[in-house]
Amino acid sequence: MTFHFIFADKEEQRTKKTKNSPSCLGYPVSIFFIVVNEFCERFSYYGMKAVLVLYFKYFIGWDNDLSTTIYHTFVALCYLTPILGAIIADSWLGKTIVYLSIVYTIGQVIMAISAIHDITDTNRDGTPDNMTFHTAMSMLGLMLIALGTGGIKPCVAAFGGDQFEEHQEKQRSTFFSIFYLSINAGSLLSTLITPILRAQECGIYSKQSCFPLAFGVPAALMVVALIVFIAGHSMYIMESPKGNILLRVMKCIGFAIKNRFNHRSKQHPKREHWMDWAEEKYDKLLIAQVKMVLKVLFLYIPLPMFWALFDQQGSRWTLQATTMDGNFGAFIIQPDQMQIVNPILIVIMVPIMDSAVYPLIKKCHINFTPLRRMTVGMLLASLAFVAAALLQIQIDQTMPNFPSSSQIQVKFLNLENTSVPVEVEGQEPWKTIIKRKVTNELETVNLSIQDIEPNGIHMAWQVIQYFLMTCGEVVFSVTGLDFSYAQAPSNMKSVLQAGWLLTVAVGNIIVLIVAEAGSLPDQWAEYVLFASLLVAVSIIFAVMAYFYTYMDPMEIEAKFMDLEPEEKKRKELGMTTKDNLAYVNNETSNNTDDKQTKI
């Protein structure tokens, strides 16, 4: 389970606060409401998401492929909408959280209503008579949830940071740690509790799996989250609207492309970098910052493949668990509860990697740079899918041979002591295969003839693939976020964060394309396909990382800031500036060689 933040950019000028927030032990009281809000919101999201794919399969009645497709479409939307949230957050940060939380809450309530089978069960047989109504309601609910959770994702953490004064850097750092802890707590508890609620039976006329309760409790927590956030409104420190750096970057890139296209003839001299064509309108500092951003974004191109595998924990792996034995003796694990292994292992693995593994590698004089760590993380994720494929092969050996989508299966059970001929229209007459004699001594017949053996492969075997995937996540995701933050210009952290979230969305789109294609007959073959694709992508990423030159954004920005007054003077005098090249020697702890970086 990975978590993403869009942090407020430090170098954006913070406006003077007009009021002081009440404090307790040196911390603004307002952050209590923000932390509780985040805990409830994360409980709501992960709780609903934990049972979603089983809702599609067992309530709506979709097959595994369609359930997986819709599941990953929803996740992709949840990681596309943060870009919209990032654009509007700088202008209406506090209001954005309130309004989108209302949308979010309505979506959760609609999801809970869509799972009540009694609404359309007019004949009271336990099956909804109008599945179109339930499907439409659930799709509407999911769209509202995606808009809500994605829209507030870049807002809450930044809003919490705004509650601190400039001299409260230590308290702000502690707040983000507590904020992260609230996310973990909410996701852990919800992933544990909602599958238990889903396994209960409830209903007015007939008892069915209690999806309304499994969706209703997260909806209730979202209502609590909204109430708590609104309750603290009088204590919040609200920042004045600021310019949005994401839009500035997009406009700068757009102008450079347009200007280059307008001067594509040979009579115009070439420039060292295509972004230099933006110099007619934008200052060189901004252009240099955009170049640094684009350099990192180029490395993001192969990353969606990792997320394509990672996010299948909630879809394919959960469906795999439905065919396994969850009896652990003292308790029974539900298939959708196995997802809790990931956050538990994260809590264990992060300190182990930071305090033991990385220091040991450093003592061995191995230059384990961030990009090399990310490559290893991708390879570990591919190994996780190899483990899933091997496990699936063992499961398939215990499963009966069901007919394909183009075939039907008919069974006749003959309890008489003579053969009964059966004739199918268009086919030759044939006799029933099963014969049973009823002796005079046997007056009753036991009709429980066991055709399908119970699940024989234990669910504990999935821990292997979860362990490998979590190790891959720790060295890939955590390192990737830190790398992006370190390599980003001072005022463009949110731009790179938006790009990072976009890779998650694209990864889920890859899954839904493969699932919808459905060209592979066996699930283990699909696991092998994903593992192979990620290995190939890992090799490409390793080559890209080899040629990447680590930057010191602060040093580069300082050099251009020194040139900025002279540049402004030239523009005021109407002088044309010639293309120039800035070379900066960068020494970073992650790169042993001094390389020349061209801006």
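Calculation criteria
- Residues numbered from 1 in each chain as written.
- Predicted model: local features only at pLDDT ≥ 70, side-chain atom pairs only at ≥ 80, totals over all residues.
- Heavy atoms only, no water.
- UniProt positions renumbered as here; feature names shortened; annotations may be inferred.
- Disulfide = S-S within 2.5 Å.
- Phe/Tyr/Trp six-rings, centres within 6.5 Å; stacked < 30°, edge-to-face > 60°.
- Buried < 20%, exposed > 50% of the residue type's maximum accessible area, 1.4 Å probe, protein only.
- Lys NZ or Arg CZ within 6 Å of the ring centre and 35° of its normal.
- Helix = DSSP H or I, 4+ residues; strand = E, 2+ residues; numbered from the N terminus.
- Salt bridge = Lys/Arg side-chain N within 4 Å of Asp/Glu carboxyl O.
- Axes fitted to C-alpha atoms, helices over the stretch in contact; angles between N-to-C directions.
- Parallel < 35°, antiparallel > 145°, perpendicular 65-115°, else oblique.
- Left-handed = near helix turned anticlockwise from the far one by under 90°.
- Nonpolar A, V, L, I, M, F, W, Y, C, P; charged D, E, K, R; others polar.
- Core = buried A, V, L, I, M, F, W, Y, C linked by side-chain atoms within 4.5 Å.
- Contact = heavy atoms within 4.5 Å.
- Expected span 1.5 Å × (residues − 1).

As recorded by an unreviewed UniProt entry, the chain carries the name Solute carrier family 15 member 1b and is attributed to Cyprinus carpio. The UniProt entry for the chain carries this comment under Sequence similarities (unreviewed entry): "Belongs to the major facilitator superfamily. Proton-dependent oligopeptide transporter (POT/PTR) (TC 2.A.17) family." According to the UniProt record, the Subcellular location (unreviewed entry) comment for the chain is "Membrane".

**Re the state of the cysteines**
Enumeration according to the criterion identifies 1 disulfide in this entry. Across the disulfide, Cys202 is cross-linked to Cys210 (sulfur-sulfur distance 2.1 Å). In this structure, the disulfide formed by Cys202 and Cys210 twists by about 105° around the S-S bond and is classed as right-handed.

**Regarding the packing of aromatic side chains**
Scanning the entire structure with this criterion turns up 31 aromatic pairs. Aromatic side chains Phe32 and Phe33 sit 5.5 Å apart centroid to centroid with 80° between the ring planes, which places their arrangement in the edge-to-face category. Look at Phe32 and you get exposed, because its relative accessible area is 53%. Taking the centre distance of 5.9 Å and the plane angle of 50° together, the rings of Tyr55 and Phe56 count as tilted. A network of ring pairs unites the aromatic residues Tyr55, Phe56, Phe59, Trp62, Phe211 and Phe215 as a single cluster. Across from the ring centre of Tyr205, 3.9 Å away, lies the NZ or CZ of Arg124, which sits over that ring. Arg271 extends its terminal NZ or CZ atom over the ring of Trp277, reaching a point 4.1 Å from the ring centre.

**Re unusual backbone geometry**
At Arg124, a residue that is not glycine, the phi angle is positive and equals roughly 55°. Structurally, Arg124 can be placed in the loop between α4 (93-114) and α5 (131-161). Take Arg124: its relative accessible area is 51%, and that puts it in the exposed class. The backbone phi angle of His365 is positive, close to 60°, even though this residue is not glycine. One can find His365 in the loop between α12 (341-363) and α13 (370-398). Relative accessible area serves as the criterion here: at 75%, His365 is assigned to the exposed category.

**Overview of the environment of Thr127**
Mapped onto the elements of the fold, Thr127 is located in the loop between α4 and α5. Judged by its relative accessible area of 43%, Thr127 is partly exposed. Through-space distance from the C-alpha of Thr127 to that of Gln208 is 9.0 Å; in sequence the pair is 81 residues apart.

**Considerations on the pattern of salt bridges**
The final tally for this structure, using the stated rule, is 6 salt bridges. Close ionic contact of Asp276 with Lys291 constitutes a salt bridge, the shortest N to O distance being 2.7 Å. Residue Asp276 is located in the loop between α8 (245-262) and α9 (284-299), and its partner Lys291 is located in helix α9; the two are separated by 15 residues in the primary sequence. Asp276 sits in the buried class, given a relative accessible area of 3%. Exposure remark for Lys291: the relative accessible area of 9% places this residue in the buried category. Overlapping salt bridges bring together Asp65, Arg316 and Glu526 as one network.

**Brief notes about the packing of α13 against helix α14 (residues 462-487)**
Put simply, α13 and α14 touch, their axes get as near as 8 Å, and they point 160° apart. In terms of orientation, α13 and α14 fall into the roughly antiparallel class. In the crossing of α13 with α14, the sense of the turn from one axis to the other is left-handed. Here the residues of the contact of α13 with α14 are counted per class, giving 20 nonpolar, 6 polar and 1 charged.

**Considerations on the nonpolar core**
Counting residues in hydrophobic clusters, the biggest one holds 128 residues, and the most contacted among them are Leu52, Tyr55, Phe56, Phe74, Phe215 and Leu371. By residue number, the principal contributor to this core is α13, which donates 11 residues. Among residues more than four places away in sequence, those in contact with Phe56 are Gly61, Trp62, Ser67, Ile70, Tyr71, Met139 and Leu142. Of all hydrophobic cores here, the second largest spans 8 residues; its members include Met349, Ile361, Cys471 and Val475.

**What to know about the side chain of Thr69**
Relative to the helices and strands, Thr69 resides in helix α3 (residues 64-89). Among residues more than four places away in sequence, those in contact with Thr69 are Leu512, Ala515 and Glu516.

**Re helix α16 (residues 523-546)**
Its 24 residues give α16 an end-to-end C-alpha distance of 35 Å, which sits within 8% of 34 Å, the value for a rise of 1.5 Å per residue. Inspection of α16 places Ala525, Glu526, Tyr527, Phe530, Ala531, Leu534, Val537, Ser538, Phe541, Met544 and Ala545 among the buried residues, and these make up the whole buried set.

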